[in-house]
Amino acid sequence: MAGMLTPDPKYPELRRRRFRPIPVRMLVPNVITLLAICAGLTAIRLSIEGRMELAVAAIVFAAVLDGVDGRVARMIKGQSKFGAELDSLADFVNFGVAPGLMLYFWQLQELNNGGWIAAMVFAIAGGLRLARFNASIDDPNKPAFAANYFTGVPAPAGAILAMLPFYLAFLGVPKPPAMLTAGYILLIAFLMVSRLPVFSGKTVRMRVPPEMVLPVFVSVVFFVALLIGYPWHILSIGSVLYLLSLPWGWKSYRDHERKAAATVQSDVTGEAAPSTPAAPFSPAPDDAEVERPARLN
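Structural notes on the overall build of the protein chain
Helix and strand counts for the protein chain come out as eleven helices and two strands. Secondary structure elements of the protein chain, listed N to C terminal, follow the sequence α-α-α-α-α-β-α-α-α-β-α-α-α. When contacts within the protein chain are restricted to residue pairs at least 6 apart in sequence, long-range pairs at least 24 apart make up 83% of them. In the form shown here, the protein chain has an accessible surface area of approximately 20000 Å², with 67% of it arising from carbon and sulfur atoms.

Structural data, given as structure tokens:
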């Protein structure tokens, strides 16, 4: 047994691998992602217990954490392949499975199998959306301007949009028919898996002038206060505005596409043009001159 555990010097590649200590900065983004998963799972439990307001708040909190973990990882240089895979798993649970189950426990169960199918389609659409995003990250054929657009509604935004019936119900609006709710979440599921260009704002770099720093701080604090004091109003208005902005994102993408196509066409036309002018026409020499000896010419 001892001989089996002793590495053979003839095969150094079989020597026991030593794992290096992992820096704390690599762990911080993963801890944030795990907290988001805990929030999503807790939302499912709260929805089963009928505490829908807390369940929706947990999903919103998970969306906030999802937007924070990637930025923290880039800020402290804590990106890792493990973290990317864990983030995809968290997004599927928090923004695919959890909202679908919440809507099913809240109203879609009135449709029996039809409601369950609608909830299941939404969850599967979220998973497909994430898989397509991961597969297209290193696409070499993607134009440069496409980095500022998502393909389809992202999963966190899809979850926030899908919970619009919750926000309206919390504001006192009468609960819509179950068929209408099912149709609405199927529409959001379609938007997630569609090829619709959605503005992301990732490449937009904004710099705040020094004299505007304090007003920006005040504006952020004011928005957070509004979100805490009037969460369902803010989420309802934000969801409606987001849906209304989708055609603008599509039009902006098409404009960039036309400009890129025009640029390529002009480059091709410039390359096809002759680089040197053709030689002027010169008449052929007379046959008599050609047949004369060279000394007589």
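Considering the side chain of Asp-91
Its location among the elements puts Asp-91 in helix H4 (residues 81-106). Buried charge Asp-91 goes without a salt bridge, the closest partner of opposite sign being Arg-129 at 8.4 Å. Setting aside residues no more than four positions away along its own chain, Asp-91 makes contact with Asp-66, Gly-96 and Leu-130.

A closer look at the packing of H4 against helix H5 (residues 113-135)
The contact between H4 and H5 brings their axes to 8 Å, and the two run at 165 degrees. Judged on the interaxial angle alone, H5 and H4 are roughly antiparallel. The two elements H4 and H5 meet at a crossing, and its hand is right-handed. Residues Ser-88, Asp-91, Phe-92, Phe-95, Gly-96, Val-97, Pro-99, Gly-100, Leu-101 and Tyr-104 of H4 lie in contact with H5, whose contacting residues are Gly-115, Trp-116, Ala-119, Phe-122, Ala-123, Gly-126, Gly-127, Leu-130 and Asn-134. Class assignment for the residues of the contact of H4 with H5 results in eleven nonpolar, seven polar and one charged.

Thoughts on the pattern of salt bridges
Any two side chains of opposite charge can pair, so long as their charged atoms come close to each other. Enumeration according to the criterion identifies four salt bridges in this entry. Arg-45 is paired through a salt bridge with Glu-49; the nearest N and O atoms lie 2.9 Å apart. Look at Arg-45 and you get exposed, because its relative accessible area is 54%. Between Glu-49 and Arg-51 there is a salt bridge whose closest N-O contact spans 2.5 Å. Taken together, the salt bridges that share partners define one network made up of Arg-45, Glu-49 and Arg-51.

A closer look at the packing of helix H2 (residues 24-48) against H4
Axis separation between H2 and H4 bottoms out at 9 Å; the angle between their running directions is 15 degrees. Comparing their axes, H4 and H2 come out roughly parallel. With respect to the hand of their crossing, H2 and H4 are arranged in left-handed fashion. Contacts between H2 and H4 involve Asn-30, Thr-33, Leu-34, Ala-36, Ile-37, Gly-40, Leu-41, Ala-43, Ile-44, Ser-47 and Ile-48 from the former and Phe-82, Gly-83, Leu-86, Asp-87, Ala-90, Val-93, Asn-94, Val-97, Ala-98, Leu-101, Met-102 and Phe-105 from the latter.

The rules behind the values
- Residues numbered from 1 in each chain as written.
- Predicted model: local features only at pLDDT ≥ 70, side-chain atom pairs only at ≥ 80, totals over all residues.
- Heavy atoms only, no water.
- Helix = DSSP H or I, 4+ residues; strand = E, 2+ residues; numbered from the N terminus.
- Contact = heavy atoms within 4.5 Å.
- Areas by Shrake-Rupley, 256 points an atom, 1.4 Å probe, with all protein chains shown as cover.
- Buried < 20%, exposed > 50% of the residue type's maximum accessible area, 1.4 Å probe, protein only.
- Lys, Arg positive; Asp, Glu negative; His and termini not counted.
- Salt bridge = Lys/Arg side-chain N within 4 Å of Asp/Glu carboxyl O.
- Axes fitted to C-alpha atoms, helices over the stretch in contact; angles between N-to-C directions.
- Parallel < 35°, antiparallel > 145°, perpendicular 65-115°, else oblique.
- Left-handed = near helix turned anticlockwise from the far one by under 90°.
- Nonpolar A, V, L, I, M, F, W, Y, C, P; charged D, E, K, R; others polar.

Distances and angles like these do not, on their own, reveal function.
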